[in-house]
2 protein chains.
Amino acid sequence: MVEAETPELVPQREVILRTAARLFREKGYERTTVRDLANAVGLQSGSLFHHFATKTEILAEVMKRGLDLASEQVADAIAAESTPDARLKAMFRSYLKALLSPECRDYMTVLLYDFRSLPPDLAREVHGYRTTQENRWRAVLRESLSDDWSDAEIRLVSQFVFGAMCWSLQWYNPSGTATLDELAEQFMQMAMSACRVNDCTREEAAKDRT
Amino acid sequence: MVEAETPELVPQREVILRTAARLFREKGYERTTVRDLANAVGLQSGSLFHHFATKTEILAEVMKRGLDLASEQVADAIAAESTPDARLKAMFRSYLKALLSPECRDYMTVLLYDFRSLPPDLAREVHGYRTTQENRWRAVLRESLSDDWSDAEIRLVSQFVFGAMCWSLQWYNPSGTATLDELAEQFMQMAMSACRVNDCTREEAAKDRT
DNA sequence: GTCTATAACCAGATAGAC
DNA sequence: GTCTATCTGGTTATAGAC
């Protein structure tokens, strides 16, 4: 049905989640009251609890939504490439672009900053979600790097490069001079070199051993 | 005086700040009550306000203390080296080691996560502190990279490599297998290669132009 | 599904005795 | 400097009418 595209028919639950992501990013989860959120979507505070049982449930949904949105974009970009090296480059490029895209940015920033506000059961759930994704991205790295890299080494490289990318949520300004595409290109190159030069180091070490 | 070294003579204000850093890191600033903090240092909640005017003042002090502690260690490490390249390597190594050191880690994590809880005036103050430091580190980068790098390019590289380092606060586990020295060495190498390979890219681009 | 009204609780900060 | 006692206001969540 075409009606599904009209803004008026976006389910109220979705509107609440989108608004929550924006407010949580701006003010932090703890400093955003259910009254703030309700008013921002044009409701009274009590009405929110018809859609969500607790405030923390909203938080967890925002985080999982962020992970879903980002992983979908990255998975699509990877699937479009046919060589390991091209897949790795596509992963880096699309990961940064997905993180900083207007659709994802609020959700992912909340995931980054407000993790400590989740109660233990929801924390486990979200953490599981996140781990699943990280393992997927590490598999792409593994595929492209030489065979003798240990799991620990792969993990270290991925912590370095994905850390650099995630950190962009701290400083990225959408109204800055560089376009998102340019930024993604340059970050991809730095990420590739962080991987490759580690390869060089290993080759030198191997030479030393012979 | 030797007495200054005995634990009993550490000023109460210091004890409060140290404890606050630890609690804020564990539970987040907003979820740590003044009662939690007071009890953790063996006081009643009202007594805290003899040492600090407001809860946010404690937060700002914790953040500035973290920046001071880290920058001191990095500055010392840089000062001990005599070539630009050695200074750059020393900066990367010491920055990671300082961030993750038991003395700094709590403070710096609070700076990272709880920035949004600062009222505007304190936010400006802490942000100024932070900018001053970042400019110092960028000067070390500039000194070691070829002359034709623009300010924007320097900024991008520093955002990448320092982002990767800061992100370690998210995942670093002091009781893990690798020592902090090993970790710092590997991160330093990846950071150096992210800088250098950007140099290679530029050389290729220069060749293309001729 | 949304509203109004409110329950039940907990927060930061203050005042004055010691 | 620390304590006790308390003020004031804000918080999540619920109940029942519409």
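These remarks concern the structure in this document.

### Examining the environment of R22 of chain B
Residues and elements named next belong to chain B.
Item 1. Secondary-structure assignment places R22 in helix α1 (residues 12-27).
Item 2. Under the relative-accessibility criterion, R22 is labelled partly exposed at 34%.
Item 3. The spacing of R22 and S71 is 49 residues in sequence and 20 Å in space, taken between C-alpha atoms.

### Observations concerning the side chain of R130 of chain A
Item 1. Note on placement: R130 of chain A falls in helix α6 (residues 120-144).
Item 2. On the basis of relative accessible area, R130 of chain A is assigned to the buried category, the value being 18%.
Item 3. If sequence neighbours within four positions are ignored, R130 of chain A has contacts with L67 and L111 of chain A together with W167 and Q170 of chain B.

### Things to note about the interface of chain B and chain A
Item 1. Taken together, the contacts link 34 residues of chain B with 34 residues of chain A.
Item 2. Sorting the residues of chain B by area buried against chain A places R116, F160 and W167 of chain B first, and these three jointly supply 25% of that buried surface.
Item 3. Taken together, the links from chain B to chain A amount to 4 salt bridges.
Item 4. Two residues, E30 of chain B and R31 of chain A, come together in a salt bridge whose shortest N-O distance is 3.1 Å.
Item 5. Counting the contacts that link chain B with chain A gives 11 residue pairs in polar contact (both at pLDDT 80 or more).
Item 6. At the level of secondary structure, the elements contributing two or more residues to the side of chain B that touches chain A comprise α1, α5 (105-113), α7 (151-171) and α8 (180-209) of chain B.
Item 7. In terms of residues, the side of chain B that touches chain A owes the most to one element, α8 of chain B, which gives 11 residues.
Item 8. Taken together, the residues of the side of chain B that touches chain A sort by class into 16 nonpolar, 10 polar and 8 charged.

### A closer look at the relation of the copies chain B and chain A
Item 1. Rotating chain B by 180° and translating it 0.0 Å along the rotation axis places it on chain A, where the RMSD comes to 0.0 Å. Expressed as a symmetry operation, the mapping of one chain copy onto the other fits a two-fold axis. Taking C-alpha positions as reference, the residue of chain B nearest the rotation axis is A164 of chain B, located at 2.0 Å.
Item 2. Both copies share a contact surface, since 100% of the interface residues of chain B are interface residues in chain A too.

### What to know about the packing of aromatic side chains
Residues and elements named next belong to chain A.
Item 1. What the rule picks out here adds up to 11 aromatic pairs over all chains.
Item 2. Ring geometry for Y95 and F162: centres 4.9 Å apart, planes at 70°, overall edge-to-face. Note that Y95 is positioned in helix α4 (residues 84-100) and F162 in helix α7 (residues 151-171), a separation of 67 residues in sequence.
Item 3. Accessibility expressed as a relative area gives 10% for F162, which makes it buried.

### Here we look at the protein's contact with DNA strand C
Item 1. Of all residues adjacent to DNA strand C, which total 15 residues, the nearest are Q44 and H51 of chain A together with T33, V34 and K55 of chain B.
Item 2. Counting only the atoms of DNA strand C that lie within 4 Å of the protein, the sugar and phosphate share comes to 66%.
Item 3. Between DNA strand C and the protein, one listed contact pairs a phosphate oxygen with a side-chain N or O atom of Q12 of chain A at 3.0 Å.
Item 4. V34 of chain B places a polar main-chain atom, nitrogen or oxygen, 2.9 Å from a phosphate oxygen of DNA strand C.
Item 5. Class assignment of the residues belonging to the surface near DNA strand C gives a composition of 3 nonpolar, 10 polar and 2 charged.

### Concerning the nonpolar core
Item 1. Counting residues in each nonpolar core, the largest one holds 135 residues, and the members touching the most others are M91, F92 and F160 of chain A together with M91, F92 and F160 of chain B.
Item 2. Not counting residues within four places of it along the chain, the set of residues in contact with M91 of chain B comprises V74, I78, W137, V140, L141 and F162 of chain B.

### Observations regarding the environment of C195 of chain A
Residues and elements named next belong to chain A.
Item 1. Take C195: it is sitting in helix α8 (residues 180-209).
Item 2. Residues C195 and L145 lie 50 residues apart in sequence; the distance between their C-alpha atoms is 8.0 Å.
Item 3. Each residue touching C195, except ones within four places of it in the same chain, is listed here: F92, L141, L145, W149 and V157.

So, how was this worked out
- Residues numbered from 1 in each chain as written.
- Chains lettered and ligands numbered in written order.
- Predicted model: local features only at pLDDT ≥ 70, side-chain atom pairs only at ≥ 80, totals over all residues.
- Heavy atoms only, no water.
- Helix = DSSP H or I, 4+ residues; strand = E, 2+ residues; numbered from the N terminus.
- Buried < 20%, exposed > 50% of the residue type's maximum accessible area, 1.4 Å probe, protein only.
- Contact = heavy atoms within 4.5 Å.
- Buried area = accessible area lost by both parts, 1.4 Å probe.
- Salt bridge = Lys/Arg side-chain N within 4 Å of Asp/Glu carboxyl O.
- Polar contact = N/O pair within 3.5 Å; in protein donor to acceptor, adjacent residues only side chain to side chain.
- Nonpolar A, V, L, I, M, F, W, Y, C, P; charged D, E, K, R; others polar.
- Least-squares fit on C-alpha atoms with pLDDT ≥ 70 in both.
- Phe/Tyr/Trp six-rings, centres within 6.5 Å; stacked < 30°, edge-to-face > 60°.
- Near = heavy atom within 4 Å.
- Core = buried A, V, L, I, M, F, W, Y, C linked by side-chain atoms within 4.5 Å.

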